[in-house]
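# Per-entry structural report
So the chains spell out like this:
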Amino acid sequence: MVKLDLGGCSSFVKESEYKEFVGKALEAYDVLQAGNGAGNDFLGWKTLPVDVSEELVAACEAVRDNWKGKGVDLVTVVGIGGSYLGARCAIEALSHSFVRPEGVPQVVFAGNNLSEDYIAELMDIVEVRNSACVVISKSGTTTEPAVAFRIIKDCLERRYGKKEAAERIVAVTDAKKGALKTLSTQEGYKTFVVPDDVGGRFSVLTPVGLLPIVLAGFDIRKMLKGAADERAELLNRSEANAVVGYAAMRNLLHSKYGKSVEILVGYNPKLVYLAEWWKQLYGESEGKDGKGIFPASVTNTADLHSMGQFIQEGSRVMFETVIKVENANRSVVIGSDPQDLDGLNYLAGQHVEHCNAMAGLGVKVAHIDGGVPQMGVSIDKIDEYNLGAIFYFFEFACGVSAYVLGVNPFNQPGVEAYKKNMFALLRKPGYEAQTEAILKRI
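Residues numbered from 1 in each chain as written. Predicted model: local features only at pLDDT ≥ 70, side-chain atom pairs only at ≥ 80, totals over all residues. Heavy atoms only, no water.

## Notes on the environment of R427
Quick note on the threshold: Here a strand is any run of E in DSSP of at least two residues, a helix any run of H or I of at least four, and the numbering for each starts at the N terminus. Only protein chains enter the accessibility calculation, which uses a 1.4 Å probe; a residue is then buried when its area is under 20% of its type maximum, exposed when over 50%, and partly exposed in between. Should any heavy atoms of two residues lie within 4.5 Å, those residues are counted as being in contact.
When you line up the elements, R427 lands in the loop between α16 (415–425) and α17 (432–441). Here R427 falls in the exposed class, since its relative accessible area comes to 51%. Along the backbone, R427 and A25 are 402 residues apart, and their C-alpha atoms lie at a distance of 46 Å. Once residues within four sequence positions are removed from consideration, R427 is found in contact with T435, E436 and L439.

Right, dumping it as C-alpha cells:
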C-alpha cells in the first residue's frame with residue numbers, strides 16, 4: 001500500500017495549521033465520497049478497481065492473443081493526454097530498460113504531437129514491421145491523434161488490404177457517438193468503451209490504459225488488485241488517511257507559505273512517465289480559476305546535476321513530493337578494485353540501491369536546510385500491483401485536494417482555448433471569421 005511521510009514538512013508548518021487543513025481535507029473528502037461536489041458526473045473512476053469485469057479483462061487478452069497469432073511485433077497506440085499517459089507510465093515502469101521479451105510486441109506511441117519528423121520516423125517502422133494499432137479517442141476528431149491515425153490507417157490498409165487492416169485496428173472510444181465510433185462501425189473494428197463518467201486523466205484503469213498494458217505483456221489483474229486494495233484502505237475516513245494528509249499538507253504549504261510549485265521527485269528512471277501522468281492529472285485538475293499548484297518533476301540523481309542547484313538555492317516557491325521505492329527488483333553489488341583509482345573501495349560490497357537511498361536521504365536533509373519542505377510517498381516495489389495502488393492514490397488525493405483548493409477537479413475548460421486558435425490558423429471550416437483577427441495578433 002501507499003505510505004505517506006510528512007516528517008520533512010514538520011519544521012516548516014505549525015501543528016495547529018496542519019490540523020486546520022486536515023479538517024478542510026476531511027470536508028473535501030466527504031464531498032467527494034458523497035458525490036455532491038462540482039463535476040460529480042465524472043466520478044466513475046472511484047469504483048473502477050472493483051467494477052472492471054472479468055469479461056473486459058478477457059476481451060483485452062483476446063486482442064493480445066489474436067495479434068500474437070498474426071505475428072504482430074509492433075503496436076502503435078494513438079492518443080494524447082489521458083488517452084496515453086497512464087498506459088505509457090505503466091509500460092515504461094514495468095518494461096526492461098533495454099530489451100523486449102521474445103514474443104511480446106514493441107508498443108510505441110503516436111498522436112501526442114504534431115512533429116513531422118516524429119511521425120515520419122514512426123512510419124519508417126510501421127511500414128516494415130508486422131504492425132497493428134490501438135486508437136484511443138472519445139470523439140475521434142482531436143487533431144493530434146486524428147492526424148496520426150489517418151496516416152497509420154492508410155498505411156495498414158495499403159499493406160494488408162482493408163479487411164485485414166480492420167483486424168489490426170482496435171478503437172477505444174465512445175459507446176454510441178463520435179467520428180471514431182462511426183468509423184469503427186463502418187469498418188468493423190473491434191471496439192472498447194471509454195466510460196462516460198470517467199475523464200481522460202482518470203482513465204488508466206479503463207480500456208484506455210488496460211488494453212495497451214496487456215498488449216505490452218503485463219498483468220492487469222494484479223494492477224486492478226493493487227488499486228482495489230488501495231481503495232479499501234482509503235475508504236477509511238480518518239485524519240490518518242494518506243490522501244487526507246497529502247491534500248492537507250500540499251494545500252497548507254500553498255495557502256499559508258506561498259509554495260506554488262510542487263516537484264514530484266523520483267529516484268528511478270523507470271518512473272519518468274509516472275511523473276508525466278501525475279503532471280497532467282494535477283495540472284488539468286487544479287490549474288483553473290486563477291488557482292492551482294504548478295506540478296513539475298525531476299528524476300534524481302541525474303537532475304541533481306541540472307535542477308539541483310535551483311532547488312537548493314533558487315526562489316523559495318516550491319516543495320517536493322518524493323516517490324520512494326522501498327525494494328529494488330534486481331540486485332547489483334559494487335565490487336572492489338585493487339588500485340582503487342576512483343576511490344570507491346569504501347563502497348565495495350554495497351548494493352547500488354543502497355547508494356541511491358543514501359543519496360535520497362542526503363538530498364532530503366540538504367533541501368530541507370535550504371528551505372524546501374519535503375513529503376514522501378512510498379511503495380514497496382515497481383510492479384503491476386504497486387502501480388495500481390499509486391495510480392488510485394494520486395487520483396483520489398487529486399479529487400480531495402482540488403475541492404480543498406475550491407475548483408472543479410473534473411473539467412478542463414482552458415484546454416479548448418488553443419484549439420480554437422489552431423483551427424482558425426489551419427482554416428478549418430467554420431473558423432474562417434477568426435482567422436484574420438488571430439493573424440493580426442501574431
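Moving on from the model shown.
## Quick word on the packing of aromatic side chains
Just so we agree on the cut-off: Planes of paired rings set the category: under 30 degrees apart is stacked, over 60 is edge-to-face and the rest tilted, where pairs are Phe, Tyr or Trp rings (Trp by its six-membered ring) whose centres lie within 6.5 Å.
Taken as a whole, this structure holds 18 aromatic pairs when the rule is applied. Seen in terms of ring centroids, Y246 and Y282 are 6.3 Å apart; in terms of plane orientation they differ by 80°. Their pairing is edge-to-face. With Y246 in helix α11 (residues 242–257) and Y282 in helix α12 (residues 272–286), the pair connects residues that are 36 residues apart, well separated along the chain. An identical accessibility class is assigned to Y246 and Y282; each is buried. Clustering of aromatic rings is evident, with ring pairs tying together Y29, W45, F202, Y392, F396, Y403 and F410.

## A look at the packing of α11 against helix α15 (residues 384–405)
Quick reminder of the rule: To define axes, lines are fitted to C-alpha atoms, for helices over the stretch in contact only, and angles between the resulting N-to-C directions are given on a 0 to 180 degree scale. By definition in this entry, angles of less than 35 degrees are roughly parallel, angles greater than 145 are roughly antiparallel, angles of 65 to 115 are roughly perpendicular, and the rest are oblique. Take the far helix as your reference; a near helix turned counterclockwise from it by less than a right angle gives a left-handed crossing, and one turned clockwise gives a right-handed crossing. Amino acid classes used here: Ala, Val, Leu, Ile, Met, Phe, Trp, Tyr, Cys and Pro are nonpolar; Asp, Glu, Lys and Arg are charged; the rest, including Gly, are polar.
Contact geometry of α11 with α15 gives a least axis separation of 9 Å together with a crossing angle of 45°. Viewed along their axes, α11 and α15 adopt a mutual orientation that is oblique. Handedness of the α11/α15 crossing: right-handed. Across from A242, V243, Y246, A247, R250, N251 and H254 in α11, the residues of α15 making contact are F393, F394, F396, A397, V400, S401, V404 and L405. A breakdown of the residues in the contact of α11 with α15 according to their chemical character gives 11 nonpolar, 3 polar and 1 charged.

## Concerning the pairing of strand β8 (residues 294–299)
Remember that side chains alternate between the two faces of the sheet whenever the strand is regular. How we decide: Whether two strands pair comes down to DSSP finding at least two bridges between them.
Examined bridge by bridge, strand β7 (residues 261–266) and β8 share 6 bridges and lie parallel to one another. What sits directly across from L264, in β8, is S297.

## Things to note about unusual backbone geometry
N300 connects to T301 through a cis peptide bond whose omega is 10°. Tracing the sequence through the fold places T301 in the loop between β8 and α13 (308–313). Positive phi values are uncommon outside glycine, yet D289 reaches one of about 60°. Among the secondary structure elements, D289 is positioned in the loop between α12 and β8. Non-glycine residue R427 carries a positive phi angle of around 60°.

## As for helix α3 (residues 54–69)
Formally: Helix span, as expected, comes to 1.5 Å for every residue beyond the first.
Over its 16 residues, α3 runs 22 Å from end to end, which matches the ideal 22 Å to within 8%, given 1.5 Å per residue. What α3 keeps buried is the set V57, A59, C60, E61, V63 and W67. At the C-terminal side of α3, G71 shows a positive phi close to 80°.

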